[in-house]
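Tertiary structure, described
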Amino acid sequence: MIGTIDLNNETFIKDILDGTTFFQIAEGGVMGGPRGIIFVTEDGKVYHANYCYGDLKWETIQKAPD
């Protein structure tokens, strides 16, 4: 995606979730980007991650709210 910031296990932080105003999660098997996640924050930044084919594990996302 153009203009997006790719997230991985090292760059994903709870502050991204705290400032998120919109998010999209694509379930496995969808066309285009299965298991992709897009976060749009209140300051207009767009983050992208994929917890199946990328370098961000689902467990990292689940731990973030702690």
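In what follows, the structure referred to is the one given above.
1. Remarks on the overall build of the protein
In terms of helices and strands, the protein carries 2 helices and 4 strands. Listed by position from the N terminus, the elements making up the protein come as β-α-β-β-β-α. Over its C-alpha trace the protein gives a radius of gyration of 11 Å, about what one expects of a compact globule, namely 11 Å for 66 residues. By its C-alpha atoms, the protein is 30 × 25 × 15 Å across when sized along the principal axes. Taking all 66 residues of the protein together, 27% fall into the buried category.

2. Structural notes on unusual backbone geometry
Even without a glycine there, the phi angle at R35 is positive, about 65°. Relative to the helices and strands, R35 is located in the loop between strand 2 (20-25) and strand 3 (36-41). Overall, the relative accessible area of 32% leaves R35 in the partly exposed class.

3. Re the pairing of strand 3
Of all the 6 residues making up strand 3, 5 are buried; the element is thus mostly covered by neighbouring parts of the structure. Looking at chain direction, strand 2 and strand 3 are connected through 5 bridges and run antiparallel. In the strand pairing of strand 3, T20 is matched with T41. Of the strand pairs in this sheet, strand 3 and strand 4 (residues 46-50) are connected by 5 bridges, and their pairing is antiparallel. When the sheet's bridge partners are listed, V40 is paired in strand 4 with V46. In textbook terms, the turn of a hairpin is the stretch between consecutive antiparallel strands, and for strand 3 and strand 4 this stretch comprises 4 residues, one of which, G44, has a positive phi near 90°.

4. Let's talk about the sheet that holds strand 2
Taken in spatial order, the 4 strands line up as 1-4-3-2 in an open sheet, and their pairing is mixed. The open sheet has two edge strands with one neighbour each: strand 1 (5-6) and strand 2.

5. Things to note about the environment of R35
R35 sits 16 residues away from Y51 along the chain, and the two C-alpha atoms are 6.0 Å apart. Setting aside anything within four residues of it in sequence, one finds R35 in contact with A26, E27, G28, A49, N50, Y51 and C52.

6. Notes on the pattern of salt bridges
Going through the model one piece at a time under the given rule, you end up with 1 salt bridge. Its salt-bridge partner being D18, residue K14 comes within 2.9 Å of it at the nearest N-O pair. Of this pair, K14 and D18 both sit in helix 1 (residues 14-18), separated by 4 residues, roughly a single helical turn.

Conventions and cut-offs
Residues numbered from 1 in each chain as written. Predicted model: local features only at pLDDT ≥ 70, side-chain atom pairs only at ≥ 80, totals over all residues. Heavy atoms only, no water. Helix = DSSP H or I, 4+ residues; strand = E, 2+ residues; numbered from the N terminus. Rg over C-alpha atoms; globule rule 2.2 N^0.38 Å. Buried < 20%, exposed > 50% of the residue type's maximum accessible area, 1.4 Å probe, protein only. Pairing = 2+ DSSP bridges. Contact = heavy atoms within 4.5 Å. Salt bridge = Lys/Arg side-chain N within 4 Å of Asp/Glu carboxyl O.

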